[in-house]
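Okay, here's what each chain looks like letter by letter:
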Amino acid sequence: MKNFIFQTVPVLHFGEGCLGQLPGQIAALCASRPMIVTDKGIVNAGLIAPVEQTLRAAGLDSVIFDSVIADPPETIVLQAIEAAKAAGVDIVIGLGGGSSLDTAKVVAALAVDDAQPLTEIYGVGLLERKGLPTILIPTTSGTGSEVTAISILTTGETTKAGIVSPHLFADVALLDPALTLGLPADVTAATGIDAMVHAIEAFTGRNAKNPVSDMLAIEALKLLTANIETACFDGRNMLAREAMLRGSMLAGQAFANSPVGAIHALAYPLGGIYHIPHGLSNALVMPYVMQFNLEAAAPLYAQLADALHIPRGSENSSEARAQEFIDYLEALAVKVKAPRKLRDIGIAREATTELAEAAMLQTRLLVNNPKELTLADAQRIYDAAW
Ligand SMILES: [Zn+2]
């Protein structure tokens, strides 16, 4: 067996009502002046109120930064860092989906004296030290950002760039499924498929796949595929919400250690250029990238098909079994009413050329893909997805 390394967040609180643990966790980190990093959608959905109340009841005054937007640009992150420094906060609490959590991680890292400039930390392992303590509270079941050491920001106009560093791991992740009960069906579907993609890409990763990430990916896929329909169409079902949140966390732990590949590389330009939500971007390119990967990844896709007990056809090859896995996922995406073609979401046919060129810039991800991907391959995949 190949040597491997596995890292994750040191403290996880999981379960309905665990938001109540927040003040105790802040105290355990020797902090007393929190800044909540979130977005207006979370404020409007009434999700910040219980957090503020919990803190106030414990005698903690919090500073709110609620200007995070989807595909967070550097300007917003820099504003939040300035606000944190001006207010003298000593802990950062990220509350929301991936954009808020990713922003919170970078704010915590850089809202300290003598921090590195933001422009110097893009890439893998370039952030030199830990900043303020961080507690992350997800309100969607998708990104797994609460347990990853990755932040994705938008640099310049349209390019998505990642910061990867063990210093970005939160000190505590609080996962309370009650916070996800109000998620609309379309967001539940897209974020749930994103989480499945995290598990699939971690399981098929070329470089850092390992026995722990494999185990997490399989358990994540079981939970996510078994519960996504109920979570979408019976959104107040706490058991389904809990399973989805648990699945997305496990998938997050898997891909934090065995990073994602070409599905994400081809999804990012849809976010960067067209602001298509991250989960939906993944859902749209997933079947076509998997079809492209099939020749290299068939034995692994076949293992996942077996783990999920997908009904078996008459042909007994790993390619046939892998195809059953791809078809099963596509059928599930249709069941939860996720848009299935780029043209359905207003992307022009000619756009595929620019998308393919942009995807090739995601070298950090493409190296993990089970099969090497060229510009011509990316173009063919987007054309098929169109
Ligand atoms: Zn993702």
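Structure: above.
Rules used in this analysis
- Residues numbered from 1 in each chain as written.
- Predicted model: local features only at pLDDT ≥ 70, side-chain atom pairs only at ≥ 80, totals over all residues.
- Heavy atoms only, no water.
- Pairing = 2+ DSSP bridges.
- Helix = DSSP H or I, 4+ residues; strand = E, 2+ residues; numbered from the N terminus.
- Donors = N, O, S within 2.8 Å, 3.2 Å for Na, K, Ca; no water.
- Buried < 20%, exposed > 50% of the residue type's maximum accessible area, 1.4 Å probe, protein only.
- Axes fitted to C-alpha atoms, helices over the stretch in contact; angles between N-to-C directions.
- Contact = heavy atoms within 4.5 Å.
- Phe/Tyr/Trp six-rings, centres within 6.5 Å; stacked < 30°, edge-to-face > 60°.
- Lys NZ or Arg CZ within 6 Å of the ring centre and 35° of its normal.
- Salt bridge = Lys/Arg side-chain N within 4 Å of Asp/Glu carboxyl O.
- Expected span 1.5 Å × (residues − 1).
- Left-handed = near helix turned anticlockwise from the far one by under 90°.
- Nonpolar A, V, L, I, M, F, W, Y, C, P; charged D, E, K, R; others polar.

S.K.: Residues and numbers for the sheet that holds strand S5 (residues 123–124), please.
M.R.: Read from one edge of the open sheet, three strands run S5-S8-S7, paired in mixed fashion. Sheet topology places S5 and strand S7 (150–155) at the edges, where each strand pairs with a single neighbour. One ladder, built from six bridges, connects S7 with strand S8 (residues 159–164); its direction is antiparallel. When the bridges of S8 are listed, Ile150 appears paired with Val164.

S.K.: Give me the coordination of the zinc ion: which residues, what numbers.
M.R.: The protein atoms that coordinate the zinc ion are Asp194 (OD), His198 (NE2), His264 (NE2) and His278 (NE2), at distances of 2.1 to 2.2 Å. Here the donor residues for the zinc ion map to a single chain with the spacing D-x3-H-x65-H-x13-H. Remark: His278 occurs in helix H10 (residues 278–307) and His264 occurs in helix H9 (residues 262–274); sequence separation between them is 14 residues. Owing to a relative accessible area of 1%, His264 belongs among the buried residues under this scheme. According to the relative accessible area criterion, His278 is partly exposed, its value standing at 23%.

S.K.: Give me the lowdown on the sheet that holds strand S6 (residues 134–138), citing residues and values where you can.
M.R.: Taken in spatial order, the six strands line up as S1-S9-S6-S4-S2-S3 in an open sheet, and their pairing is parallel. Every other strand in the sheet has two partners, leaving strand S1 (11–14) and strand S3 (63–68) as the edge strands with one partner each. Pairs of neighbouring strands in the sheet enclose a mean axial angle of 15°, with direction left out of account. This element, helix H3 (residues 48–57), spans strand S2 (34–39), S3 and strand S4 (91–96) of the sheet and lies at about 175° to S2. Against the sheet, helix H5 (residues 98–110) makes contact with S2, S3, S4 and S6, and its axis sits at roughly 170° relative to S4, the strand it touches most.

S.K.: So, the packing of aromatic side chains: which residues are in play, and what are the values?
M.R.: A full pass over the atoms with the stated rule returns one aromatic pair. Aromatic side chains Tyr301 and Phe325 sit 5.9 Å apart centroid to centroid with 40° between the ring planes, which places their arrangement in the tilted category. Here Tyr301, found in helix H10, pairs with Phe325, found in helix H11 (residues 318–335); they are 24 residues apart in sequence, far enough to count as distant. What makes Phe325 buried here is its relative accessible area of 0%. When the ring centre of Trp386 is taken as origin, the NZ or CZ atom of Arg343, which lies over that ring, is 5.3 Å away.

S.K.: Lay out the pattern of salt bridges in plain terms, naming residues and giving numbers.
M.R.: Taken as a whole and assessed by the stated rule, the structure comprises 16 salt bridges. Between Arg349 and Asp383 there is a salt bridge; the shortest N-O distance is 3.0 Å. Of this pair, Arg349 sits in the loop between H11 and helix H12 (351–359) while Asp383 sits in helix H14 (residues 375–385); the two residues are 34 residues apart in sequence, bridging distant segments of the chain. Linked by salt bridges that have partners in common, Asp306, Arg312, Arg321 and Glu324 make up one network.

S.K.: Provide a residue-level description of H9, including the pertinent values.
M.R.: Along its 13 residues, H9 runs 18 Å from first to last C-alpha, staying within 8% of the 18 Å computed at 1.5 Å per residue. Of all the positions in H9, only Ala262, Ile263, His264, Ala265, Leu266, Ala267, Tyr268, Pro269, Leu270, Gly271, Gly272 and Ile273 are classed as buried. Just downstream of H9, His275 is the residue with a positive phi angle, here 55°.

S.K.: Quick rundown of the packing of H9 against H12? Include the residues and the values.
M.R.: Interaxial distance between H9 and H12 falls to 8 Å at its minimum, and their mutual angle equals 120°. Here H9 runs over H12; the crossing is right-handed. Contacts between H9 and H12 involve Ala265, Leu266, Pro269, Leu270, Ile273 and Tyr274 from the first element and Ala351, Glu354, Leu355, Ala358 and Ala359 from the second. Partitioning the contact of H9 with H12 into residue classes produces 10 nonpolar, no polar and one charged.

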